[in-house]
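# What the coordinates show
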There are 4 protein chains.
Amino acid sequence: MANINKVVLAYSGGLDTSIILKWLQDQYQCEVVTFTADIGQGEELEPARAKAQALGVKEIYIEDLREEFVGEYVFPLFRANTVYEGEYLLGTSIARPLIAKRLVEIANRTGADAIAHGATGKGNDQVRFELGAYALKPDIKVIAPWREWDLTSREKLLAYAEQHNIPIERKRGNQSPYSMDANLLHISYEGGPLEDPWQEPEEEMWRWSVSPERAPDKHLILELEFAQGDIVAIDGTPMKPARVLSYLNKVAGANGIGRLDLVENRYVGMKSRGCYETPGGTVMLKAHRAIESLTLDREVAHLKDELMPRYASLVYNGYWWSPERKLLQELIDSSQSHVNGKVRLKLYKGNVIVTGRYSATNSLFDANIATFEEDEGAYNQKDAEGFIKLNALRLRIAAQLQSR
Amino acid sequence: MANINKVVLAYSGGLDTSIILKWLQDQYQCEVVTFTADIGQGEELEPARAKAQALGVKEIYIEDLREEFVGEYVFPLFRANTVYEGEYLLGTSIARPLIAKRLVEIANRTGADAIAHGATGKGNDQVRFELGAYALKPDIKVIAPWREWDLTSREKLLAYAEQHNIPIERKRGNQSPYSMDANLLHISYEGGPLEDPWQEPEEEMWRWSVSPERAPDKHLILELEFAQGDIVAIDGTPMKPARVLSYLNKVAGANGIGRLDLVENRYVGMKSRGCYETPGGTVMLKAHRAIESLTLDREVAHLKDELMPRYASLVYNGYWWSPERKLLQELIDSSQSHVNGKVRLKLYKGNVIVTGRYSATNSLFDANIATFEEDEGAYNQKDAEGFIKLNALRLRIAAQLQSR
Amino acid sequence: MANINKVVLAYSGGLDTSIILKWLQDQYQCEVVTFTADIGQGEELEPARAKAQALGVKEIYIEDLREEFVGEYVFPLFRANTVYEGEYLLGTSIARPLIAKRLVEIANRTGADAIAHGATGKGNDQVRFELGAYALKPDIKVIAPWREWDLTSREKLLAYAEQHNIPIERKRGNQSPYSMDANLLHISYEGGPLEDPWQEPEEEMWRWSVSPERAPDKHLILELEFAQGDIVAIDGTPMKPARVLSYLNKVAGANGIGRLDLVENRYVGMKSRGCYETPGGTVMLKAHRAIESLTLDREVAHLKDELMPRYASLVYNGYWWSPERKLLQELIDSSQSHVNGKVRLKLYKGNVIVTGRYSATNSLFDANIATFEEDEGAYNQKDAEGFIKLNALRLRIAAQLQSR
Amino acid sequence: MANINKVVLAYSGGLDTSIILKWLQDQYQCEVVTFTADIGQGEELEPARAKAQALGVKEIYIEDLREEFVGEYVFPLFRANTVYEGEYLLGTSIARPLIAKRLVEIANRTGADAIAHGATGKGNDQVRFELGAYALKPDIKVIAPWREWDLTSREKLLAYAEQHNIPIERKRGNQSPYSMDANLLHISYEGGPLEDPWQEPEEEMWRWSVSPERAPDKHLILELEFAQGDIVAIDGTPMKPARVLSYLNKVAGANGIGRLDLVENRYVGMKSRGCYETPGGTVMLKAHRAIESLTLDREVAHLKDELMPRYASLVYNGYWWSPERKLLQELIDSSQSHVNGKVRLKLYKGNVIVTGRYSATNSLFDANIATFEEDEGAYNQKDAEGFIKLNALRLRIAAQLQSR
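Residues numbered from 1 in each chain as written. Chains lettered and ligands numbered in written order. Predicted model: local features only at pLDDT ≥ 70, side-chain atom pairs only at ≥ 80, totals over all residues. Heavy atoms only, no water.

Glancing now at the UniProt feature "binding site: L-aspartate" (unreviewed entry) in chain A. All names here are of chain A. Look at the UniProt record and you will see "binding site: L-aspartate" (unreviewed entry) annotated at Thr120, Asn124 and Asp125. Along the polypeptide, asparagine 124 turns up in the loop between strand E4 (114–116) and helix H5 (125–136). Discounting chain neighbours no more than four positions away, the residues touching asparagine 124 are Glu264, Arg266, Tyr267, Val268 and Tyr316. Of note is the side chain of asparagine 124, whose polar atom sits 2.8 Å from the backbone nitrogen of tyrosine 267. Examined against the element boundaries, aspartate 125 turns out to sit in helix H5. Taking the relative accessible area as the measure of exposure, aspartate 125 reaches 18% and is therefore buried. Leaving out residues up to four positions away in the same chain, aspartate 125 has contacts with Thr92, Arg96 and Ala119. A polar contact is formed between the side chain of aspartate 125 and the side chain of arginine 96, at a distance of 2.9 Å. (UniProt positions renumbered as here; feature names shortened; annotations may be inferred. Helix = DSSP H or I, 4+ residues; strand = E, 2+ residues; numbered from the N terminus. Contact = heavy atoms within 4.5 Å. Polar contact = N/O pair within 3.5 Å; in protein donor to acceptor, adjacent residues only side chain to side chain. Buried < 20%, exposed > 50% of the residue type's maximum accessible area, 1.4 Å probe, protein only.)

Encoded structure:
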């Protein structure tokens, strides 16, 4: 066991990280600094302060990171139309690099030599936290209690809590059977009944959206304005990133949008089943593709599409702070300089329907050329013959050879 | 103008290709063979025979290609989860290679030295027809009247028809303002009011689906069975490919599923706006991803995802008969040997919701490993530390260098 | 035939472009502006001025573009370790975008409405010139006489020259049977005896290098210093880009380095056989890979390697001025910020042998970690077990399934 | 420590694996089966039998795997023109999967529950052995003594050997300071003086080749015949794979060909410096590219080039037995059906010079089309205009927008 003087703990205020807090103090005989961030998970942070104080913590960091989270992490992610394995919008993945960065920064400020987190040894989050931390502070020590301790069942955890006077809240009569994670981009569910991929999740599981069935019978029209690939106004009202996302979460969730139920491949090697609610993100992805369809060059769009799966894997696997992710991000961000304009959407019972896209300054759609009517020379149809002939040349040479 | 003896015309029986038929006879003083195929466009073919006979055609080929179309073209396409530019399911693109192949085969059988088609010089279809033809019969001549003649407006066309006694059907009071194309996979709309990308299409345009608003208030549950990546049974009833697709079109269209409105990049260089209804295909794509999520190795799935955009472009651009498309297809097809099992779906007002996936023989989901509960040694959480440490090593070395 | 007022001609001063000059004046009854550039082809430019004047040209542009050529085109190309089809260093391709840009700029300055070039309709150069011109000045007209005129044989050309009093130099008793192109990066040979790919080129063909057989029996040691991926000094002497390349051409050519004989695939669809001498470029590529091997992160290096073939095709096909090439260049250039240090090379009879690489500031080679000796904890060998175990997990799960 | 009954050891007969043999018997109190293979490393195997017997081993496997190694591993690798990080021919990497497979097969036959190898915890070989073993026999146990034991210095090893009566050969007066590995494809050197990347290796290090300086003054001409991408005859003499490679090693090594000195990125995260001699492989790569240049379709060749770095990484990282490597191999192998013909090469003092390529049945080089002379209509130069115009269209539309 490493010799640790001071450790910065990613502390939610919940039971698990409270137990970790105590366990770190006991096991490592070290000082614990707590770090609690509001990234839009929808829980009050002040109780975390009280609990940390009760456990004797002297340095308590509580921060509202919502604008940084959406502006510096979520928006760049969506510039790439990022989906992991065709469907997952990376809601959990994208929050981890920010947490890792703040843990390291607080370690630097407080003189801590270690960080600790509450992610298990089976999941992706441990990787994301630790790769980030190592990339930003290579000599940092990392304590991942779930990989070390012997509190391997809920019973043992509760016993430990009781033994150490850590308060166990039992207010909610119906404790959720799911492992959940939330931030401004999404809420996720894993475990419990979901461990059978043939079993449909219960309606009660979902928290951020109504089902399409229960959504309003009338659609909602939205107009999103993009500047350099980011949404900067909704229905004419300028908004900062976090406001954009929380607004979209609200209206999309209310219209039954953004649920996802999938089996995914974890970086640590196993398949797992997860359910996600990403109402605002689902709208953003659809709208972003729509504005790009009008303003982005074809080959740039295709290049982005071909690079996207790799970029998505990098984010999913925890390589946000790697040089290769940064280089790809530069390319992606640079491609967005032309992505300006607006998109009209209809939200209705789970559907996000694009009904218009417009760009005053950057539309590459040329109605004169595209038209089926007389185009007055904008396009010379005879050019197509040569185009086809030369594209076919290699195929013809090969076919001639074979026919001989 | 080339010297042509006999030409095989892709003949729909409609006004445009009837004019082309006559024009070929006049301009090239050659014999015309007509080829009319049922690929699920939903029109009767026998009228085409009568019209061709009336225009003096002696060799008339009318064929039902629906099974070949779905089995040999649509299904292979969906094994790759193919979408062009993030959204388009390639409904038009995938029908052209089959038409090109049959045109060439009929040319070989009838001793024709040319083929002709009714695609314009602005679109992708001319490329698809001609690349296919050249790849399969390198010395074939291709006549594309729209690139040659001076009938460049609807008025001139109608005048030509009248002058040559080609019957013009005016039954439908309301002539569609759209350029349409249909086959078992989809129906497409272009032109007319759609040439303004900010304008929402009228509800009356859509033909194969009801709007989500008008879809039933009750959802439909489907169970699709996959064998080697293809759907082989629905709700327990074995079906051949064309039956699968027509069945899914029916139930998905009735539930408001499969509409798409997008701006796309044509191979010939301009952006165009198209609307598509692909009800069955939309269901197939979602279900196929679901069964793959359970049965496909992670790296195979990622490899497929990275190759997909290129494969989609090849199909979109008309390179079905190219060696590079065939090689990619071999890889894709080979990956599907494990893709066996079933998927349960809920269709509801435009939504396709996966509610379960199961594979008796090929599930790679290991509940013992994935579980959040005690796993009894199936997975050693301590392994994660080394995994992270070595993945982080290059990042740490670089960070150490920079901190010096 | 288009109505042209003034055309800027890429004019070498040689027979072919002199004939083109006259032909443009005659055919188009337009004014001709000549543009002649020194990009290191090794010919004097002043004779071109005299010839142009003799043909009545009033606006004559003669420019030394060597520094711009190497600094803005060749060096960026080599930052990507670019080779087309595994071997070709793109010597011809990389010069065309600069010529295209200058043609357009001169057209803008002189009020010309067209440009003209002497590239044939079979090659890649026409594409490179014209794509560049269209990208930079979309309404420019392009005249490519070889695609238009009827001077389709050498005899007709000579007759035309004689008829119009264009001087034909017959000084060189032995006219080269090859079509050649030269600039500071390379000299190329095509045509004539090379049209049989089984035939070895004659020793007399090569002009810039001795054969390995005739190279000195003693090797030469070079030390190249890199800053941000570019060579900035040789053997301690700082040099500007064009000086670097001409110096390397001299010493590498003298040591039998840089010959290449290959069959390549042209963008217009056919295979062609070409021979190239690229002495300096061959050295630069080898050295650049060596300094990158020490200073570039693994995943960045691999990303570059995977993108390189696409980048090479873009340059080869003439898409230098496309947005996708520019985006890739941004990524590539950005990756070079760490590529600083020096490389020691041995040149000997055709061989370029790396004998050392060193970076005071950016070496990622950590001898403490890499050592086979006792490393005192720099690397924990036990980490490897977890690393392997988790990387193997998906393979084991699949194998377990199959063994059942 | 795991409970092991019987372990199959990859046994070279050398000191290190002899110590491992004894250590396994002692530590695990288990039976040891030895497996020694001839993969062309150039050492006699029978002494390994005697030593194993002396250490009490009852089941001794000694096998000549040279034909299998070259035919089933090396040749498939070269079909892809595989180089890792631009230069390394993967000589060590490609031998490991075969060893892993045989270890597992022998474990199955002898009822062993574990395998053991002598690779360290710092290198790639441990990964290659173990990923292979886990993929082929998921429940196998792996013992990697270098990651477990405390014999962490040469002194401790020798002491252990002496203590246990393991004979230490001190015949060679000058013990090599390098860590070496050899098989029919290459011999490698690491460690010792090579740990300084600025230091040139001593001439005495190299064992398989003379230096270019000491190579003969007269070149050697070779004619290699390819069938489906593999060399099947040299200078008219049909040869089996292992014979091909050993013949090429001999003649290429004698002509100073195949030395490589590089810094590479290991899968476990650090850079290392290695020197390699791959005489035959260097010739094969050059020749294979040459025959492909004549017989492979352009887009197939480019697809292969784009996939190659990923394929190379898979082989380097030890994923030979993964499904993604197998799928890529299918694509690669399938592409080779047309790769038939012959290549003429000149070997001279380190140079491999292609002087001709020819294919009676599969050449796609069409001299009629490629010619600079009058081609009598084989190619219509006017087609190029349309080809360029449509390829330029998107660039022009974008430029027009920007100029507004």
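Once you've had a look at it, read on.
Once that is clear, we can look at the interface of chain B and chain D. Facing the 22 residues of chain B at the interface are 22 residues of chain D. A combined buried area of about 2,000 Å² lies between chain B and chain D, and 66% of that area is made up of carbon and sulfur atoms. The largest share of the area that chain B buries against chain D comes from Leu303, Arg310 and Leu327 of chain B, three residues that together contribute 27% of it. At the junction of chain B and chain D, the tally comes to four residue pairs in polar contact (both at pLDDT 80 or more). Listed by contribution, the elements that provide at least two residues to the side of chain B that touches chain D are helix H10 (298–317), helix H11 (323–335) and helix H13 (383–403) of chain B. Ranked by residues supplied to the side of chain B that touches chain D, first place goes to H11 of chain B with eight residues. Residue composition of the side of chain B that touches chain D, grouped by class: 12 nonpolar, three polar and seven charged. (Buried area = accessible area lost by both parts, 1.4 Å probe. Nonpolar A, V, L, I, M, F, W, Y, C, P; charged D, E, K, R; others polar.)

As for its placement among the helices and strands, glutamate 330 of chain D is situated in helix H11 (residues 323–335). Each C-alpha atom of the pair glutamate 330 of chain D and alanine 37 of chain D lies 27 Å from the other, and the pair is 293 residues apart in sequence.

For the rest of this paragraph, the subject is the sheet that holds strand E6 (residues 179–182) of chain C. All names here are of chain C. Read across the sheet, four strands follow the order E6-E7-E12-E11 without closing on themselves; strand pairing throughout is antiparallel. In the strand order of this sheet, the two ends are held by E6 and strand E11 (259–265), each with one partner. Neighbouring strand axes in the sheet, compared pairwise and without regard to direction, differ in orientation by 25° on average. With seven bridges connecting them, E11 and strand E12 (residues 271–277) associate as antiparallel partners. Considered in E12, the bridge of leucine 262 is made with glycine 274. (Pairing = 2+ DSSP bridges. Axes fitted to C-alpha atoms, helices over the stretch in contact; angles between N-to-C directions.)

What follows deals with the interface of chain D and chain C. Contacts between the two partners involve 101 residues from chain D and, on the opposite side, 101 residues from chain C. It is Lys122, Trp198 and Lys271 of chain D that lose the most area in chain D upon contact with chain C, and together they represent 10% of the buried surface on that side. There are 12 salt bridges connecting chain D and chain C. One salt bridge in this structure joins lysine 122 of chain C and aspartate 375 of chain D, with 3.0 Å as the shortest N-O distance. Summed over the shared surface of chain D and chain C, the number is 51 residue pairs in polar contact (both at pLDDT 80 or more). With 12 residues, the top contributor of residues to the side of chain D that touches chain C is helix H13 (residues 383–403) of chain D. In the side of chain D that touches chain C, the residues fall into 39 nonpolar, 26 polar and 36 charged. (Salt bridge = Lys/Arg side-chain N within 4 Å of Asp/Glu carboxyl O.)

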